[in-house]
Amino acid sequence: MEWSEQIYLDPKLEKHWRRIKWKIMHNVAQKEVYLLLLPLDGQGKLQMMSSLIFLQKNYPVRDYCIVGLASSKASGYEIITQITSEIYETYGKIDYNQFFQLA
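Now for a quick tour of the structure. No experiment lies behind these values; they were computed from the predicted model shown.

Bringing the overall build of the protein into the picture now. Within the protein one finds 3 helices and 4 strands. Reading the secondary structure of the protein in the N-to-C direction produces β-α-β-β-β-α-α. Computed over the C-alpha atoms, the radius of gyration of the protein is 13 Å, within 12% of the 13 Å expected from 2.2 N^0.38 for a compact globule of 103 residues. Here the C-alpha coordinates of the protein stretch approximately 40 × 30 × 20 Å along the principal axes. Here the protein holds 103 residues, and 40% of them are scored as buried. For the protein, restricting intrachain contacts to residue pairs at least 6 apart in sequence, the fraction spanning at least 24 positions comes to 60%. In the structure as shown, the protein presents an accessible area of about 6700 Å², 48% of it carried by carbon and sulfur atoms.

Looking now at the sheet that holds strand 2 (residues 34-37). Taken in spatial order, the 4 strands of this open sheet run 1-4-2-3, and their pairing is mixed. Each having just a single partner strand, strand 1 (2-9) and strand 3 (47-50) make up the two edges of the open sheet. If you compare each strand with its neighbour and ignore which way they point, the axes differ by 30° on average. Both strand 1 and strand 4 (residues 65-70) contribute to a ladder of 4 bridges, which runs parallel. Of the residues in strand 4, the one forming a bridge with Trp 3 is Ile 66. Packing against the sheet, helix 1 (residues 17-25) makes contact with strand 1, strand 2 and strand 4, and its axis sits at approximately 145° to strand 1.

Here the focus is empty space enclosed by the protein. Enumeration according to the criterion identifies 1 cavity of 30 Å³ or more in this entry. Empty space within the largest cavity amounts to approximately 50 Å³. What lines the largest cavity is Lys 23, Ile 24, Asn 27, Val 28, Gln 30, Ser 51, Phe 54 and Leu 55. Split into classes, the residues belonging to the lining of the largest cavity amount to 4 nonpolar, 3 polar and 1 charged.

Once that is clear, we can look at the pairing of strand 4. Where burial is concerned, most of strand 4 is hidden: 6 out of the 6 residues are buried. Where strand 2 and strand 4 come together, 4 bridges link them in antiparallel fashion. Bridging across to strand 4, Leu 36 finds its partner in Gly 68.

Rules used throughout
- Counting starts from 1 at the beginning of each chain's written sequence and moves along it residue by residue.
- Owing to the predicted nature of the model, reporting of local features is limited to residues with pLDDT of at least 70; listing and counting of side-chain atom pairs is limited to 80 or more, with chain, interface and lining totals taken over all residues.
- As a convention, hydrogens and water are excluded, and side-chain values are obtained from all of the structure's heavy atoms.
- Where helices and strands are cited, they refer to DSSP runs of H or I of at least four residues and of E of at least two residues respectively, numbered from the N terminus.
- Between the two quantities, the radius of gyration covers C-alpha atoms and the globule rule is 2.2 Å times the number of residues to the power 0.38.
- Type-normalised accessible area, obtained with a 1.4 Å probe on protein chains alone, sets the label of each residue: buried when under 20%, exposed when over 50%, and partly exposed for intermediate values.
- Any two residues having at least one pair of non-hydrogen atoms within 4.5 Å are treated as being in contact.
- Residue-level accessible areas treat just the shown protein chains as cover; the underlying method is Shrake-Rupley with a 1.4 Å probe.
- One requirement defines pairing of two strands: DSSP has to find at least two bridges between them.
- Think of each axis as a best-fit line through the C-alpha atoms, taken over the contacting stretch in the case of a helix, with angles from 0 to 180 degrees between the N-to-C directions.
- In this analysis a 1.4 Å probe is tested at points of a 1 Å grid over the protein atoms alone, and where it fits but cannot get out there is a cavity; an open set with protein on both sides within 12 Å along at least five of seven lines is a pocket; lining residues have an atom within 4 Å of a point.
- Grid points are joined across faces, edges and corners, and a volume is the space filled by probe spheres set on the points.
- Think of it as three bins: nonpolar holds Ala, Val, Leu, Ile, Met, Phe, Trp, Tyr, Cys and Pro, charged holds Asp, Glu, Lys and Arg, and polar takes everything else, Gly as well.

As far as function goes, none of this settles anything; it's purely spatial.
Shown next, in the form of structure tokens:
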């Protein structure tokens, strides 16, 4: 699992996001924390998943790049909208990998 240097955060999580990140990386359950992920194929739209999914034993966590954290699905959709708007304003097209400086 990879974490973007530019993380978008729900205001409710801003104060404790580093602790939340540590818990996610060490398989500690984080109820009501949603991860915003880059699409695996490099195309498409951002994905939102509950952090509890990554507690599954054989889930392929190493393939994901986390770009945001949200405390609810509604706030996750707001953050996705914010990210997409910033990308479109910057580049005139939607390219998540370019925006987050990934190859």
